[in-house]
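The primary structure of each chain is shown beneath.
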Protein chains: 2
Amino acid sequence: MKIGAIPDIVVSRLPQYLQALNLMKLEGKQTTSSQELGERLGFSAAQVRKDLSQFGEFGKQGTGYSISYLSKQLQSILNIDRIWDIVLVGAGDLGHAIANYQGFTNRGFRIALILDNDPQKIGDKIGQLEIQDFALARELIRKAGIEIAMLTVPASVAQTVAEEVVQAGIKAILNYAPTPLKLPPNILVQYLDPLIQLQHMTYYLAK
Amino acid sequence: MKIGAIPDIVVSRLPQYLQALNLMKLEGKQTTSSQELGERLGFSAAQVRKDLSQFGEFGKQGTGYSISYLSKQLQSILNIDRIWDIVLVGAGDLGHAIANYQGFTNRGFRIALILDNDPQKIGDKIGQLEIQDFALARELIRKAGIEIAMLTVPASVAQTVAEEVVQAGIKAILNYAPTPLKLPPNILVQYLDPLIQLQHMTYYLAK
């Protein structure tokens, strides 16, 4: 991930703060504190204050944070005070699970295009969306002006697929395939690989 | 994540090094350098050297690292020089995708138990494994001596499910449900939430 003026590790915690705030909202809460936010996420109150202070003054000494105000500010900082269209490449089990996931829209995202190269799948629908031919990727992605791709393809083809969608104008890739991608440095890449997370935990488990 | 003598952020990079090494092995390579490892993962060579040096001396000045030796050392450090059994809770699309994923076994893990509370699903098979009743969670998890759970359940029930599996002896949870879990501090929790990762990228996208 690119590093700007603000450390990337701090940026990576903002979506977690936002998620915790959304839950508090659902619970009917209106204000919170750095203490409470930290407890929900396993960070110290000092850490929460320090992270948020990098972006501005969002709370008042003694009264804490307004949940709706802080949420709106974080949404604006994360550029999700709009809806981003996503192209999903790979319509297997995992692709279906993601395409059917209801949580995207009210959190800033919408699956707008689903691509696969399997003739058996092309033309099928997932929800309202028809699975389209990956051979048309450049044309379809460009026409829709999509900048974000989620890859749920086999590891063996992930690199080729990633290069193709980058050619089509994709600037950020969330990669579910268990393989690192080698792409130009201006392309943002994040990985969702359960093995990486599991192995991270076993380091501590056996101690 | 618990913090020990070695910073957790360093620990979190070890599975990524291991993944890159495994790919190099598949490509037929026998040795690598901190430069090459870094390039594959987007870290500097200095970062790679510094990270690995926290755990020992694995390479030789000038000749670099033996890929198979370094892999074995990392597997041992991450405690995956054995197979860990996993209980998967939630047999929806995502649960099916994970249960059918072939990449676990040769990387230290095996789905050993699948649970759901839907009478329509209980008794069905995914691959060789029968979906069993979540009502029997404590008994089945204890009997199998399983310490790791993957949760692919709706967010609304994730907390209850997590508490139940912790009662059964689970010590580490990989949570796919888009909600933070509040659990005793000795329980390891990692999250796989695409929204968190997408929002992390959009911070940089619109700049």
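Keep in mind that this is a model prediction, so the values were computed, not measured.

Undergrad: Would you take a moment to explain the interface of chain B and chain A for this structure?
TA: One frequent convention defines the size of an interface as the accessible area lost when the parts assemble. The partner chain A presents 62 residues to the 63 residues of chain B that form the contact. Of the roughly 5800 Å² buried where chain B meets chain A, counting both sides, 70% is carbon and sulfur surface. The tally of links from chain B across to chain A stands at two salt bridges. The interface formed by chain B and chain A holds 22 residue pairs in polar contact (both at pLDDT 80 or more) in total. Of all the secondary structure elements, the ones that give two or more residues to the side of chain B that touches chain A are α1 (8-26), α2 (34-41), β4 (84-89), α5 (93-99), β8 (148-151), β9 (172-175), β10 (188-191) and α8 (194-205) of chain B. With twelve residues, the single largest contributor to the side of chain B that touches chain A is α8 of chain B. Tallied by class, residues from the side of chain B that touches chain A come to 41 nonpolar, 14 polar and eight charged.

Undergrad: Sorry, what's going on with helix α6 (residues 137-144) of chain B here?
TA: Helical periodicity: at 3.6 residues per turn, an α-helix aligns residues three or four positions apart in one direction. Residues and elements named next belong to chain B. Of all the positions in α6, only A137, L140 and I141 are classed as buried. When α6 is viewed along its axis, its buried side chains cluster within an angular range of 95° and face the same direction. Opposite its buried face, α6 presents the exposed residues E139, R142 and K143, each directed more than 90 degrees away. The secondary structure elements touched by the buried residues of α6 are β4, β5 (109-116), β7 (129-133) and α7 (155-167).

Undergrad: Is there a simple way to explain the relation of the copies chain B and chain A in this structure?
TA: The pair of chain copies shares a relation made of a rotation about an axis and a shift along it. Placing chain B over chain A gives an RMSD of 0.0 Å and needs a rotation angle of 180°, together with 0.0 Å of translation along the axis. Here the copies are linked by what is in effect a two-fold axis.

Undergrad: I would appreciate a short explanation of the packing of aromatic side chains in the present structure.
TA: The geometry of an aromatic ring pair is captured by two quantities: the separation of the ring centres and the angle between the planes. Using the criterion set out here, one finds eight aromatic pairs over all chains in the structure. Ring centres 5.0 Å apart and planes at 85° place the aromatic pair Y101 of chain A and F104 of chain A in the edge-to-face group. The exposure class of F104 of chain A is buried, given its relative accessible area of 3%. Ring centres of Y17 of chain B and F43 of chain B lie 5.9 Å apart, and the angle between their planes is 80°; on these two criteria the pair is classed as edge-to-face. Separated by 26 residues along the polypeptide, Y17 of chain B in helix α1 and F43 of chain B in the loop between α2 and α3 (45-53) bring together distant segments of the chain. The class of F43 of chain B is partly exposed, set by a relative accessible area of 21%.

Undergrad: I would appreciate a short explanation of the side chain of D193 of chain B in the present structure.
TA: As for its placement among the helices and strands, D193 of chain B is situated in the loop between β10 and α8. By relative accessible area, D193 of chain B is classed as buried at 4%.

Undergrad: I keep staring at the packing of helix α1 (residues 8-26) of chain A against α8 of chain B and nothing clicks. Help me out?
TA: Each pair of packed helices can be summarised by the angle the axes make with each other and by the distance between the axes. Packing of α1 of chain A against α8 of chain B leaves a shortest axis separation of 9 Å and a crossing angle of 125°. Judged by the angle between their axes, α1 of chain A and α8 of chain B are oblique. In the packing of α1 of chain A onto α8 of chain B, the handedness of the crossing is right-handed. Contacts between α1 of chain A and α8 of chain B involve D8, V11, S12, P15, Q16, L18 and Q19 of chain A from the former and I196, Q199, H200, Y203 and Y204 of chain B from the latter. A per-class count over the contact of α1 of chain A with α8 of chain B returns six nonpolar, five polar and one charged.

Undergrad: Is there a simple way to explain the domain arrangement of chain A in this structure?
TA: By the assigned domains, chain A splits into domain 1 (8-77) and domain 2 (84-195). Here the C-alpha centre of domain 2 of chain A lies 31 Å away from the C-alpha centre of domain 1 of chain A.

Undergrad: Just to check I follow, could you spell out the sheet that holds strand β3 (residues 64-66) of chain B for this structure?
TA: Strand pairing in a sheet relies on backbone hydrogen bonds, with the paired strands running either antiparallel or parallel. Residues and elements named next belong to chain B. If you walk across this open sheet you meet the three strands as β1-β3-β2, and the pairing is antiparallel. Either end of the sheet is taken by a strand with one partner, and the two such strands are β1 (31-32) and β2 (59-60). Strand direction decides the pairing type here: β2 and β3, joined by two bridges, are antiparallel. Looking across to β3, one finds that G59 is bridged to Y65.

Undergrad: I'm lost on unusual backbone geometry in this one. Help?
TA: As a rule of thumb, non-glycine residues mostly have phi less than zero, and peptide bonds are mostly trans rather than cis. Of note in the backbone geometry, N79 of chain A takes a positive phi value of approximately 60° without being a glycine. Classification of N79 of chain A as buried rests on a relative accessible area of 14%.

Criteria and thresholds
- Residues numbered from 1 in each chain as written.
- Chains lettered and ligands numbered in written order.
- Predicted model: local features only at pLDDT ≥ 70, side-chain atom pairs only at ≥ 80, totals over all residues.
- Heavy atoms only, no water.
- Contact = heavy atoms within 4.5 Å.
- Buried area = accessible area lost by both parts, 1.4 Å probe.
- Salt bridge = Lys/Arg side-chain N within 4 Å of Asp/Glu carboxyl O.
- Polar contact = N/O pair within 3.5 Å; in protein donor to acceptor, adjacent residues only side chain to side chain.
- Helix = DSSP H or I, 4+ residues; strand = E, 2+ residues; numbered from the N terminus.
- Nonpolar A, V, L, I, M, F, W, Y, C, P; charged D, E, K, R; others polar.
- Buried < 20%, exposed > 50% of the residue type's maximum accessible area, 1.4 Å probe, protein only.
- Arc of directions from axis to C-beta.
- Least-squares fit on C-alpha atoms with pLDDT ≥ 70 in both.
- Phe/Tyr/Trp six-rings, centres within 6.5 Å; stacked < 30°, edge-to-face > 60°.
- Axes fitted to C-alpha atoms, helices over the stretch in contact; angles between N-to-C directions.
- Parallel < 35°, antiparallel > 145°, perpendicular 65-115°, else oblique.
- Left-handed = near helix turned anticlockwise from the far one by under 90°.
- Domains from an automatic or database assignment.
- Pairing = 2+ DSSP bridges.

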